[in-house]
Amino acid sequence: MLVVYFTSNSEVIQWGEAPQVGDLIPGSDQAVGHLEFYQGELHTVCFARVSDRAIYGEGTETFEVRLNAVHQIINYGWSMEGKPTTGRLVDYEPTNHETLMRAVPTRWYVDQIETCKPVEQGSYKAIYLCFCVNAPLSIAA
């Protein structure tokens, strides 16, 4: 099971057993106060929060975790559009402009997506597990 721990100022994502309410969040002195479960075809995701989260936008937000072939976490993020990332993952780097960022393609390409839906009412419409393959870009001649 993939467990996503949230505190007021950090997140921890790891594979393991679901915690219980009252268990300490790894690396924190805060305790789990609320649990949500999301079920996919092959995987279950547990959200363990310090407190319950108000649902904004009628549950249209999604959360996704991008994983490599051996299920290590590459990165993660939220989406207000409610769609998973497809194609090549990108990073962003600063430009000379104070607010503009430049998209930089990474070596990771989304190969498969598993959609995990809330078992009961959840904070998110879905959790997407995006399984990525290492597909380096060709070097320009």
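Please refer to the structure higher up on the page.
Residues numbered from 1 in each chain as written. Predicted model: local features only at pLDDT ≥ 70, side-chain atom pairs only at ≥ 80, totals over all residues. Heavy atoms only, no water.

Caption draft 1: Representation of unusual backbone geometry. The phi torsion at His 71 lies on the positive side, around 65°, for a residue other than glycine. Structurally, His 71 can be placed in the loop between β5 (62-67) and β6 (73-79). (Helix = DSSP H or I, 4+ residues; strand = E, 2+ residues; numbered from the N terminus.)

Caption draft 2: Geometry of the pattern of salt bridges. Scanning all chains against the criterion turns up three salt bridges. Arg 66 serves as the salt-bridge partner of Glu 64, at 2.6 Å between the closest nitrogen and oxygen. The burial state of Glu 64 is the same as that of Arg 66; both residues are buried. Linking Arg 102 and Glu 93 is a salt bridge whose minimum nitrogen-to-oxygen distance equals 3.0 Å. (Salt bridge = Lys/Arg side-chain N within 4 Å of Asp/Glu carboxyl O. Buried < 20%, exposed > 50% of the residue type's maximum accessible area, 1.4 Å probe, protein only.)

Caption draft 3: Main features of the nonpolar core. Ranked by internal contacts, the top residues of the largest apolar core, which has 15 residues, are Val 45, Phe 47, Phe 63, Ile 127 and Leu 129. Of all the elements in the fold, those that place two or more residues in this core are β1 (2-6), β4 (44-49), β5 and β9 (126-134). Every residue in contact with Phe 47, bar those within four places of it in the chain, is listed here: Val 4, Phe 6, His 34, Leu 35, Glu 36, Tyr 38, Phe 63, Tyr 124 and Ile 127. Counting residues in hydrophobic clusters, the runner-up holds seven residues, among them Leu 89, Ala 126, Tyr 128 and Cys 132. (Core = buried A, V, L, I, M, F, W, Y, C linked by side-chain atoms within 4.5 Å. Contact = heavy atoms within 4.5 Å.)

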